[in-house]
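# Observations on the three-dimensional arrangement
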Amino acid sequence: MSLRGSAPTLPLALALAAVAAGAWARGPSVALSPRQGCAALGRCCPGRDPTCAARGSSRCFCDEACGAARDCCADYARVCPAVSCMVAEWSDWSRCAEPCQVSYRIHQRHVLQEPGNGGAPCPPLEERAGCMEYWSRQGVECQQSLLPALITTGSYGKERKKWGVPKEQESIGYCVRFRLGPIPGSCRQVRAPHAQWKRYLTQGHTVCVRCEWPAQDARSRRCYGDGGGTGGNQLLLWQAAGHARCRGSWERLRQLRNCVCPAVHSLGFI
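Residues numbered from 1 in each chain as written. Predicted model: local features only at pLDDT ≥ 70, side-chain atom pairs only at ≥ 80, totals over all residues. Heavy atoms only, no water.

### A word on the sheet that holds strand E8 (residues 173–180)
Spatially, E7-E10-E11-E8-E9-E12 is the arrangement adopted by the six strands of the closed barrel, whose pairing is mixed. Within the sheet, the average angular offset between the axes of one strand and its neighbour, ignoring direction, is 45 degrees. Relative to strand E10 (residues 235–240), strand E7 (residues 149–153) runs parallel, the two being bridged by three bridges. Following the sheet pairing, Ile151 is matched in E10 by Ala240. (Pairing = 2+ DSSP bridges. Helix = DSSP H or I, 4+ residues; strand = E, 2+ residues; numbered from the N terminus. Axes fitted to C-alpha atoms, helices over the stretch in contact; angles between N-to-C directions.)

Encoded structure:
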């Protein structure tokens, strides 16, 4: 008997497998009675909780881990919707934790809404960055010499101005151009957004470093490690504030009379 012209047929086992796959993709379609499922249980549980089981056509769960275990009740997504963490905006940077030494500053944010039911977890709530303050909490100038030169991103100067610059210091400042020497790989091993400037330090590039209050010494009006008074073509040392392994050498090119640093390669003494 010829089968020419008849519709092709699948083996029974293959046909059953296709039907099962389609049913799983559509999700459970079992109708629940009022006494079954998460709605009847009346709670949604964090983590994996064996006591968070509800009655259904078979034993099912209403905890956060049920999705991975594939044993959620049919109404879990409706009764226990995923809630992602929400956080507030970052606060302003704090003052340095300790004056008269290389220290750190912090900014923080708080949780507005805790995550639940498998929603996205909360991001970091605190970040730290290196800093230096040259005055004690009692208003006494720190007496020390810091070498190598401690530097940070030029935007730190804008934050520092919020603290209140004495009027006699507002117009005092200068910039120095340096040519960077070899850069260690540790400078690029940063993740925090406020530390990304270190990734752009490149051997041979020229950087503009601003010296202004309060990094200036009160008597000499200079910043420690700026190379003032040294001969030309002399290699000097620098270190990124808050990152002891990000350090290297640079060549002092010249001091600028008009202190206007470009935004791209702008740094600051601290």
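### Some words on the packing of aromatic side chains
Under the definition given, this model contains two aromatic pairs. Both rings, one in Phe178 and one in Trp250, keep their centres 3.9 Å apart while their planes meet at 10 degrees; by these two values the pair is stacked. Here Phe178, found in strand E8, pairs with Trp250, found in strand E11 (residues 247–256); they are 72 residues apart in sequence, far enough to count as distant. You'll find Phe178 and Trp250 in the same group, each marked buried. Here Trp238 and Trp250 contribute two aromatic rings whose centre-to-centre distance is 6.4 Å and whose plane-to-plane angle is 45 degrees, an arrangement assigned as tilted. With a gap of 12 residues between them, Trp238 in strand E10 and Trp250 in strand E11 connect regions that are remote in the sequence. (Phe/Tyr/Trp six-rings, centres within 6.5 Å; stacked < 30°, edge-to-face > 60°. Buried < 20%, exposed > 50% of the residue type's maximum accessible area, 1.4 Å probe, protein only.)

### Comments concerning the pattern of salt bridges
Under the definition given, this model contains seven salt bridges. Of the charged contacts in the structure, one is a salt bridge between Asp226 and Arg222, with a shortest N-O distance of 2.9 Å. Note on Asp226: relative accessible area 5%, which makes it buried. We classify Arg222 as partly exposed; its relative accessible area is 27%. Taken together, the shared-partner salt bridges connect Arg48, Asp63 and Asp71 into one network. (Salt bridge = Lys/Arg side-chain N within 4 Å of Asp/Glu carboxyl O.)

### A closer look at the confidence of the model for the protein
Mean pLDDT for the protein: 76, with 74% of residues reaching 70 or above. The least confident element of the protein is helix H1 (residues 12–26), whose mean pLDDT is 38; the most confident is strand E3 (residues 86–87), at 96. This stretch, residues 1–30, has a pLDDT under 50; its non-local contacts, to residues over four places away or in other chains, come to five contacts. (pLDDT = per-residue confidence, 0-100. Contact = heavy atoms within 4.5 Å.)

### So, the state of the cysteines
Going through the model one piece at a time under the given rule, you end up with eight disulfides. Sulfur-sulfur distance for the disulfide between Cys44 and Cys80 comes to 1.9 Å. Between Cys44 and Cys80 the disulfide shows an S-S torsion of about -80 degrees. By sign, it is left-handed. In this pair, Cys44 is assigned in the loop between helix H2 (37–41) and strand E1 (53–54) and Cys80 in the loop between helix H4 (76–79) and E3, connecting sequence segments 36 residues apart. (Disulfide = S-S within 2.5 Å.)

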